[in-house]
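Fold and geometry: a report
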Amino acid sequence: MTHANAPLTPEGRRRLAVAVVEKKWKVQRAAERFQVSPATVSKWANRYRRGEPMTDRPSRPATSPRRCSLHLEHRIVKLRHTRRWGPHRIAFHLDVPRSTVGRVLSRYGMVHVDIKKLGKIPDGGGWRAFGRTSVQHRRAQVVSDRAARAGAPASRGYVYLHHAVDDHSRLAYSEQLPDERKETAAGFWLRATSFFAQAGISVRAVMTDNGAC
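Quick caveat: nothing in here was measured; it's all calculated off a predicted structure.

Moving on, we get to helix H2 (residues 27–34). The α-helix winds at 3.6 residues per turn, so residues separated by three or four positions along the chain end up facing the same way. Residues of H2 that are buried: Ala30, Ala31 and Phe34. Viewed along the axis of H2, the buried residues span an arc of 100°, placing them on a single side of the element. Residues of H2 that are exposed and point over 90 degrees away from its buried face: Glu32 and Arg33. Among the structural elements, helix H1 (10–21) and helix H3 (38–49) are those in contact with the buried residues of H2. Positioned one or two residues after H2, Gln35 has a phi angle of 60°, which is positive.

If you want it as structure tokens, here you go:
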């Protein structure tokens, strides 16, 4: 039985699936048209292709194991590590409950670390706003050069946002730092682990694509 707040009735699910499977709509277009997520569109389209009913499956599982298999745990952790997917996408891909994925990630105590390199925008705006040959851009360059000669911090160049995110709680710790050298990254990590410890989070595994630093 469809609950009162369901975005789609069984007939609405059928229409959605027909639009994707038979009318060849793109998943994103169908999601916007029916006001549901792309994952929901793919779910009902796949059921339609397999000839399955457009009704909800019973929420009660056939079996109730206390813990998922070690093989499934490894698949969950591997997807999180190699593809950097979130719990919802992993759950959909493996056809397991979102809560199961959350428990596994929590049990493995994974924290994701990353660095984002951002260009500084000088006072008056950067060249993308007005063009490299514009008066505004030339003025901004003059102001920046004068500030540099006066010993002020440079308004051009890059800043580096260092992030650490707990995969279970999604609690994040971030710092804006001048570079991504190994000494800087190591110092950030010490402060991040202290932050997580104060929040009651014990880190046992770290995932990052910035291995060099």
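Across the chain, pLDDT averages 78, with 72% of residues at or above 70. No element of the chain has a lower mean pLDDT than helix H7 (residues 127–130), which averages 56, and none a higher one than helix H9 (residues 182–198), which averages 92.

Attention now goes to the packing of aromatic side chains. Counted according to the given criterion, the structure contains 3 aromatic pairs. Between Tyr173 and Phe195 the ring centres are 5.0 Å apart and the planes differ by 35°, which places this aromatic pair in the tilted class. Of this pair, Tyr173 sits in strand S3 (residues 172–177) while Phe195 sits in helix H9; the two residues are 22 residues apart in sequence, bridging distant segments of the chain. Using a relative accessible area of 17% as the deciding quantity, one classes Tyr173 as buried.

Calculation criteria
- Residues numbered from 1 in each chain as written.
- Predicted model: local features only at pLDDT ≥ 70, side-chain atom pairs only at ≥ 80, totals over all residues.
- Heavy atoms only, no water.
- Buried < 20%, exposed > 50% of the residue type's maximum accessible area, 1.4 Å probe, protein only.
- Helix = DSSP H or I, 4+ residues; strand = E, 2+ residues; numbered from the N terminus.
- Arc of directions from axis to C-beta.
- Contact = heavy atoms within 4.5 Å.
- pLDDT = per-residue confidence, 0-100.
- Phe/Tyr/Trp six-rings, centres within 6.5 Å; stacked < 30°, edge-to-face > 60°.

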